[in-house]
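Inside the fold
Spelled out, the chains give:
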Protein chains: 2
Amino acid sequence: MRPGAAAGGRIGGRTWRRESYGPARGGVKPRPRRGDIIRAMRAAVLAVGSELLSTDRLDTNSLRLAALFEEHDAELIGKAVVGDDEAAIAAEIGRRLGRCDLLVVTGGLGPTADDVTREGCAAAVGRPLLDDPQVWAAIEQRFAAFGRRPSPNNRRQAQVIEGARVLPNERGSAPGLLLEAAGTTIFLFPGVPHELERMVERDLAPWLAGRSGGHGRERRTLRTAMRPESEVDQALAPAYLEFERRWITVLASPGEVRVRLTAAGPPAARGARLAAMVERVRQLLGETIYGEGEEGGLEQVVGDLLAARERTVATAESCTGGLLAERLTRVPGSSRYFPGAIVAYGNAEKVALLGVPAEMLERHGAVSEEVARAMAEGARRHFAVDYALAVTGIAGPEGGSAEKPVGTVHLALAAADETRHRAVRLIGDRERIRWQASQAALEMLRRRILAGDGNDAA
Amino acid sequence: MRPGAAAGGRIGGRTWRRESYGPARGGVKPRPRRGDIIRAMRAAVLAVGSELLSTDRLDTNSLRLAALFEEHDAELIGKAVVGDDEAAIAAEIGRRLGRCDLLVVTGGLGPTADDVTREGCAAAVGRPLLDDPQVWAAIEQRFAAFGRRPSPNNRRQAQVIEGARVLPNERGSAPGLLLEAAGTTIFLFPGVPHELERMVERDLAPWLAGRSGGHGRERRTLRTAMRPESEVDQALAPAYLEFERRWITVLASPGEVRVRLTAAGPPAARGARLAAMVERVRQLLGETIYGEGEEGGLEQVVGDLLAARERTVATAESCTGGLLAERLTRVPGSSRYFPGAIVAYGNAEKVALLGVPAEMLERHGAVSEEVARAMAEGARRHFAVDYALAVTGIAGPEGGSAEKPVGTVHLALAAADETRHRAVRLIGDRERIRWQASQAALEMLRRRILAGDGNDAA
């Protein structure tokens with residue numbers, strides 16, 4: 001509940017003004033007035049489809065919807081999955097009526113006999129399904145565009161629950177429906193994510209925006225690589241004090257920590273607050289922040305830096321087995337700065353292809369600072385690049401020793417002026433160790449490029 | 001409903017014998033008798049936790065439970081997610097009472113104030129929570145083993161719903177509970193997957209086995225690589241006729257088609273049927289089946305073949321950028337058969353590192369049969385291996401032309417006797433094209449090893 005008290009109805013122990021989120025009546029949306037008590041809208045999601053009850057499918061549409069609810073400050077109170085069963089669908093919809101402001105139902109709107117969401121919803125709200133000639137015409141037109149005619153099954157898709165508004169589906173044949181029952185607004189959407197997405201943007205987002213009175217949430221994410229979660233957490237302590245702990249979330253995954261910042265309120269206020277939070281966190285974490293947003297890995301950031309500064313990189317890999325090269329080349333256009341890599345998995349190849357002295361391997365072992373440096377320098381010569389990254393380590397599960405346990409990794413970065421080295425001790429299974437090793441190597445390169453080098457002066 | 005009729009109770013329009021799935025009374029499990037009508041047990045899942053309603057977390061425990069239900073021929077009728085809210089938990093549990101035979105609730109059993117599953121369940125079944133001194137002693141003991149003492153918060157974990165059985169948690173501090181209400185058996189399990197798993201195996205699986213009267217489902221999966229789904233589907237037509245379509249599922253993912261076979265019934269009968277299905281499908285799909293089971297990629301199968309026959313492989317990669325080498329080295333112990341790789345992303349590197357003639361590149365372009373063959377032969381010489389795989393293609397999004405559109409990939413496999421070539425036209429984005437190219441290369445090698453070569457005679 002937001003501060004700013006005034007009188008309102010009392011339902012279920014909460015004080016609120018029903019009008020703030022009720023359906024628009026007579027086309028006029030009641031706007032919250034200064035002093036109104038507004039509670040967050042309560043939303044629920046129901047996914048329909050027997051396949052979503054199987055052993056390998058999950059309802060992921062609800063994540064998209066949850067993000068949208070968060071954006072508009074609506075509270076997701078629960079979600080459920082039910083099979084293609086009319087009675088079960090009716091029961092699931094029925095139990096939400098009057099208990100939430102918004103119910104989004106996805107799936108079960110197709111033309112086949114097991115698509116019974118329309119029927120289940122009609123039963124729940126106690127209204128008939130009526131043939132809608134306009135919807136049928138639109139379906140016929142859609143098929144005609146592909147030179148086909150709808151089958152009799154498609155007739156069912158032209159049925160509309162009495163009093164419902166039809167939401168056209170621009171990307172498929174199943175239209176959505178929007179209706180109101182017992183104070184709950186119900187959206188029926190197709191389950192195909194691509195079709196759903198369009199209707200969520202076109203129909204649901206504006207509806208939510210209209211009812212939230214401008215209130216909402218915004219989020220920004222900052223990403224750091226190869227810095228321990230506890231260290232990031234500690235560094236953020238002043239920001240926790242300044243902005244409250246609950247608006248700052250620290251999420252760790254192997255080799256990466258994301259800091260998610262959230263601000264709520266009306267657009268201008270939350271925008272300003274979020275900008276202040278980002279600035280403060282950037283101050284606190286400094287250049288360990290490699291990127292912003294949820295998408296895009298370190299290889300993209302490093303690639304952009306290389307392209308912008310017209311520098312090139314090659315790799316010499318042992319334990320990562322090509323992963324570092326593979327990550328660098330995930331980025332479209334990487335051929336501008338990445339000529340190639342040598343994966344020298346065996347010792348003989350380290351000698352023959354990278355010029356690592358045999359006696360060095362003999363004396364220090366393949367997993368050593370000396371060999372990492374020699375590999376990087378060998379690759380730099382071979383590919384005639386500005387930078388060469390080398391990785392040699394023990395990814396496990398075999399091959400560890402007391403002196404060099406599984407997870408021991410030596411990294412080297414050769415440049416014109418010097419070759420730098422870093423040793424890390426990584427934790428996890430083979431896959432995690434390899435991933436973190438590639439992450440550490442990319443981060444080493446990123447920091448080096450940012451710090452500049454002799455070449456930059458030229 | 002299975003055939004074999006006899007009289008039984010009638011609940012909700014279904015004929016069944018309640019005893020078949022009811023709780024064991026006095027320690028004696030009623031066994032279904034010949035002639036009993038047995039219907040599939042109805043199961044539901046409830047996941048508790050506000051984090052499961054966020055924008056990036058899904059309840060995945062339900063997949064594990066769904067697999068177990070399938071194994072024991074229980075029908076999952078629905079699942080739901082609810083936040084850490086006592087009233088909401090009580091409502092979700094309450095609505096299932098008497099409407100399903102089994103309800104599994106996961107999460108919300110921890111020691112913190114927002115863990116309220118115990119309270120919600122107690123409210124739903126209308127019974128008090130009682131302190132259990134034995135459970136408390138076990139918690140104290142668990143903490144003592146780590147040299148610590150439980151906090152007052154942990155007291156709540158020692159509370160047991162009246163009449164419930166305590167299910168010890170060997171991997172965490174939150175014990176589970178098992179109780180019966182209105183004909184529904186309720187399991188409360190912790191939400192941590194690792195803790196849940198142990199209790200599912202130890203407590204839930206035997207319970208299901210005891211109540212299913214031996215009936216259950218078994219599944220086997222056969223995997224094929226680089227064969228179109230439609231082609232696999234067509235080849236399976238005789239099996240569909242013989243074993244019924246619904247027991248055979250064809251699942252496609254990029255570069256791979258899995259055929260999932262399921263048989264139901266008592267153990268001996270379903271085992272025999274499943275074996276017959278597997279044999280028939282193996283006949284129909286022949287050597288295109290590369291592996292069995294849900295886990296383990298083509299790189300594992302190829303690795304096993306190479307190790308068993310004491311052969312070695314190296315790679316020369318352009319568009320895959322190291323992905324092929326990375327996949328081969330995902331397999332622990334791959335150093336036995338994989339010495340290394342050369343990623344020659346640029347043309348100059350194809351010439352310098354792999355010995356591709358410059359005039360060949362000039363005349364045919366980097367993406368050509370000639371260059372693929374030369375790359376493979378160059379890598380085979382360099383690494384002195386039995387086989388060398390080469391991949392050159394256009395992964396996109398840029399670089400395509402009318403003659404060589406994005407997705408054009410040339411593969412070559414050099415061996416002692418000959419170099420084979422294959423051209424493919426792949427569909428999808430950059431990531432998919434690269435993945436499928438690596439899949440096609442590994443499949444080419446697999447088929448070659450199986451076909452044998454001059455070396456095998458030696």
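Residues numbered from 1 in each chain as written. Chains lettered and ligands numbered in written order. Predicted model: local features only at pLDDT ≥ 70, side-chain atom pairs only at ≥ 80, totals over all residues. Heavy atoms only, no water.

Another point: the packing of aromatic side chains. Residues and elements named next belong to chain A. Tallied over the entire structure, the rule returns 6 aromatic pairs over all chains. Between the aromatic rings of Phe 187 and Trp 207, the centroid separation amounts to 5.6 Å while the plane-to-plane angle is 80 degrees, which identifies the pairing as edge-to-face. In this pair, Phe 187 is assigned in strand S10 (residues 184–189) and Trp 207 in helix H5 (residues 193–211), connecting sequence segments 20 residues apart. The structure contains a cluster of three or more aromatic residues connected by ring pairs, namely Phe 187, Phe 189 and Trp 207. (Phe/Tyr/Trp six-rings, centres within 6.5 Å; stacked < 30°, edge-to-face > 60°. Helix = DSSP H or I, 4+ residues; strand = E, 2+ residues; numbered from the N terminus.)

Next up on the list: the side chain of Asp 115 of chain B. All names here are of chain B. Mapped onto the elements, Asp 115 comes out in the loop between strand S5 (102–106) and helix H3 (117–125). Although Asp 115 is buried, it makes no salt bridge; Arg 156 carries the closest opposite charge, 5.6 Å away. There is a polar contact of 2.8 Å between the side chain of Asp 115 and the side chain of Thr 112. In this view, Asp 115 contacts Gly 108, Leu 109, Gly 110 and Arg 156; residues no more than four positions away in its chain are not counted. (Buried < 20%, exposed > 50% of the residue type's maximum accessible area, 1.4 Å probe, protein only. Lys, Arg positive; Asp, Glu negative; His and termini not counted. Salt bridge = Lys/Arg side-chain N within 4 Å of Asp/Glu carboxyl O. Polar contact = N/O pair within 3.5 Å; in protein donor to acceptor, adjacent residues only side chain to side chain. Contact = heavy atoms within 4.5 Å.)

Further remarks concern the pairing of strand S19 (residues 419–425) of chain A. Residues and elements named next belong to chain A. Of the strand pairs in this sheet, strand S18 (residues 408–414) and S19 are connected by 7 bridges, and their pairing is antiparallel. The residue of S19 that forms the bridge with Val 409 is Val 424. In sequence, S18 turns back onto S19 through a hairpin of 4 residues. (Pairing = 2+ DSSP bridges.)

This part is about the nonpolar core. Judged by nonpolar contacts, the single largest core of 62 residues is most densely connected at Ile 93, Ile 161 and Ile 186 of chain A together with Ile 93, Ile 161 and Ile 186 of chain B. With residues up to four places along the chain from it excluded, the contact list for Ile 93 of chain B reads Leu 46, Leu 103, Val 105, Cys 121, Ala 124 and Ile 186 of chain B. Core analysis: the second largest hydrophobic core is formed by 42 residues, Ala 372 and Phe 383 of chain A together with Leu 353 and Leu 354 of chain B among them. (Core = buried A, V, L, I, M, F, W, Y, C linked by side-chain atoms within 4.5 Å.)

Turning next to the relation of the copies chain B and chain A. Between chain B and chain A, which share one sequence, the superposing operator has a rotation angle of 180 degrees and an axial displacement of 0.1 Å; the RMSD is 0.1 Å. Taken together, the rotation angle and the small translation identify this as a two-fold axis. Identified as the residue of chain B closest to the rotation axis by C-alpha distance is Ala 80 of chain B, at 2.0 Å. In this assembly, 100% of the residues forming the interface of chain B have copies in chain A that are likewise at the interface, indicating an isologous arrangement. (Least-squares fit on C-alpha atoms with pLDDT ≥ 70 in both.)

A word on helix H8 (residues 267–285) of chain A. Residue and element names in this part refer to chain A. Here H8 contains 19 residues, and its C-alpha end-to-end distance of 27 Å stays within 8% of the 27 Å for a straight helix at 1.5 Å per residue. Buried within H8 are the following residues: Arg 270, Leu 274, Met 277, Val 278, Val 281 and Leu 285. Take H8 and look down its axis: the buried residues cluster within an arc of 100 degrees, on one side only. For H8, exposure combined with an orientation more than 90 degrees from the buried face picks out Ala 268, Ala 272, Glu 279 and Gln 283. Buried residues belonging to H8 abut strand S11 (216–225), helix H6 (229–235), helix H7 (237–243), strand S12 (248–253), strand S13 (256–265) and strand S14 (289–292). Two residues or fewer past H8, Gly 286 is found with a positive phi of approximately 55 degrees. (Expected span 1.5 Å × (residues − 1). Arc of directions from axis to C-beta.)

Below, the discussion takes up the sheet that holds strand S10 (residues 184–189) of chain B. Strand order in this open sheet of 12 strands is S8(A)-S9(A)-S10(A)-S5(A)-S3(A)-S4(A)-S4(B)-S3(B)-S5(B)-S10(B)-S9(B)-S8(B), and the pairing throughout is mixed. With one partner strand each, in any of the chains shown, strand S8 (165–167) of chain A together with strand S8 (165–167) of chain B form the two edges of the open sheet. The mean inter-strand angle of the sheet, taken between neighbouring strand axes irrespective of direction, is 20 degrees. With 5 bridges connecting them, strand S9 (residues 176–181) of chain A and S10 of chain A associate as antiparallel partners. Bridge pairing links Glu 180 of chain A to Thr 185 of chain A in S10 of chain A. Contacts from H5 of chain A reach strand S5 (102–106), S8, S9 and S10 of chain A, with the element oriented near 165 degrees to S10 of chain A. (Axes fitted to C-alpha atoms, helices over the stretch in contact; angles between N-to-C directions.)

What follows covers the interface of chain B and chain A. Listed per partner, the contact involves 56 residues of chain B and 56 residues of chain A. When the area that chain B buries against chain A is broken down by residue, the three leading residues are Thr 55, Leu 58 and Lys 79 of chain B, summing to 16%. There are 8 salt bridges connecting chain B and chain A. Between Glu 326 of chain B and Arg 434 of chain A there is a salt bridge, with its nearest N and O atoms 3.1 Å apart. Where chain B touches chain A, the interface holds 24 residue pairs in polar contact (both at pLDDT 80 or more). Secondary structure elements with two or more residues in the side of chain B that touches chain A: helix H1 (61–71), strand S4 (75–82), helix H2 (86–96), helix H10 (323–328), strand S16 (340–344), helix H11 (347–354), helix H13 (369–383) and helix H14 (430–451) of chain B. With 7 residues, the single largest contributor to the side of chain B that touches chain A is S4 of chain B. For the side of chain B that touches chain A, a count of residues per class yields 26 nonpolar, 15 polar and 15 charged. Note: strand S4 (residues 75–82) of chain A against S4 of chain B, 5 bridges, orientation antiparallel. Following the sheet pairing, Ala 80 of chain A is matched in S4 of chain B by Ala 80 of chain B. (Buried area = accessible area lost by both parts, 1.4 Å probe. Nonpolar A, V, L, I, M, F, W, Y, C, P; charged D, E, K, R; others polar.)

Quick look at the sheet that holds S13 of chain A now. Residues and elements named next belong to chain A. Strand order in the open sheet formed by 4 strands is S12-S13-S11-S14, with antiparallel pairing between adjacent strands. In the strand order of this sheet, the two ends are held by S12 and S14, each with one partner. In this sheet, neighbouring strand axes are inclined to one another by 25 degrees on average, regardless of whether the strands run parallel or antiparallel. Strands S11, S13 and S14 of the sheet are contacted by helix H14 (residues 430–451), whose axis makes an angle of about 100 degrees with S14.

What follows concerns the domain arrangement of chain A. Under the domain assignment used here, chain A contains domain 1 (41–211), domain 2 (217–292) and domain 3 (298–451). Look at where the C-alpha atoms of domain 1 of chain A and domain 3 of chain A centre, and you get two points 51 Å apart. (Domains from an automatic or database assignment.)

So, on to the environment of Pro 254 of chain A. If you trace the backbone, Pro 254 of chain A turns up in the loop between S12 and S13. For Pro 254 of chain A, a relative accessible area of 27% puts it in the partly exposed group.

Residue and element names in this part refer to chain B. Its maximal kink placed at Val 200, helix H5 (residues 193–211) deviates by approximately 45 degrees. Looking only at H5, the buried set comprises Glu 195, Leu 196, Met 199, Val 200, Asp 203, Leu 204, Ala 205, Trp 207, Leu 208, Gly 210 and Arg 211. Close packing links the buried residues of H5 with H1, S5, S8, strand S9 (176–181) and S10. (Bend = angle between axes of the 7 residues up to and from the residue.)

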